[in-house]
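Listed here are the chains, written in short residue letters.
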Amino acid sequence: LMLESVPDLAQLDRAADVRVDGLKVYHLTNPDTHSHVYVLRNDGTEPVEATLPLPGTDHLPVTVPARDARLLAAGIALGRRKLRHSNAQPMLALTAGRQEIAVLTGRPGEATVTALECASRPTVTVLEGEAEHSYEGGVLRIEARLGGLTRVLVTGDGSATPLLLLLADDET
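Please read all numbers here as calculations on a predicted model, not as lab measurements. (Residues numbered from 1 in each chain as written. Predicted model: local features only at pLDDT ≥ 70, side-chain atom pairs only at ≥ 80, totals over all residues. Heavy atoms only, no water.)

Let us look at the nonpolar core. Membership of the largest hydrophobic core comes to 25 residues, with the highest contact counts inside it found for Leu116, Leu140 and Ile142. The set of elements that each furnish at least two residues to this core consists of strand 7 (76-78), strand 10 (99-106), strand 14 (139-145), strand 15 (149-156) and strand 16 (159-169). Excluding residues that lie within four positions of it along the chain, Ile142 makes contacts with Thr112, Val113, Thr114, Ala131, Glu132, His133, Val152, Val154, Leu165 and Leu167. With 15 residues, the next largest nonpolar core counts Val20, Leu52, Leu54 and Val64 among its residues. (Core = buried A, V, L, I, M, F, W, Y, C linked by side-chain atoms within 4.5 Å. Buried < 20%, exposed > 50% of the residue type's maximum accessible area, 1.4 Å probe, protein only. Helix = DSSP H or I, 4+ residues; strand = E, 2+ residues; numbered from the N terminus. Contact = heavy atoms within 4.5 Å.)

In structure tokens, the structure reads:
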């Protein structure tokens, strides 16, 4: 389902190596859309908190539990908008009627940072849960702690189609 609903993940080639202390990083890119996918693997016995360098000047904080892995994406399409980056894992992106829906997940209690590229300042409404947001330099930044479901509606920003962003912990 994820490959069907997030087409940027369907065609990936190996990309330049990325080094993060304590983690094995597999870096892949889509040659057509220039999106990036990172598989971060922690083979150790302790969680690793690190910063993942992304294309350009962005850096993304990430925690990978012991003997676990994370799949992160940058530059993927979420309908008509582009996900600049997120430390939550992409699970689903689809259009339902006149609305786009994107689901990003992670471990319960994790702090998430999700950045969307927006042509102009959007209207952001937190419909459920708790999330903070800011807009600067064409980027909407949404921060939340995963616990149940957080629903964030993004409208305006040069797009006639609203985006419902669902941030959920793995158990939800």
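Before going further, it helps to spend a moment on the side chain of Arg81. In this fold, Arg81 is placed in strand 8 (residues 81-86). With relative accessibility at 3%, the residue Arg81 sits in the buried group. Only 2.9 Å separates the side chain of Arg81 from the side chain of Asp157, close enough to count as a polar contact. For Arg81, the side chain forms a polar contact with the main-chain oxygen of Thr161, separated by 2.8 Å. With sequence-adjacent residues up to four places away left out, Arg81 is seen in contact with Ile76, Glu100, Val154, Thr155, Gly156, Asp157, Ser159, Thr161, Pro162 and Leu163. (Polar contact = N/O pair within 3.5 Å; in protein donor to acceptor, adjacent residues only side chain to side chain.)

Here strand 5 (residues 59-64) shows a buried face lined by Leu60, Val62 and Val64 and an unburied face lined by His59, Pro61 and Thr63. Across six bridges, the pairing between strand 4 (residues 48-53) and strand 5 is antiparallel. Note that in strand 5 the partner of Pro53 across the bridge is His59. (Pairing = 2+ DSSP bridges.)

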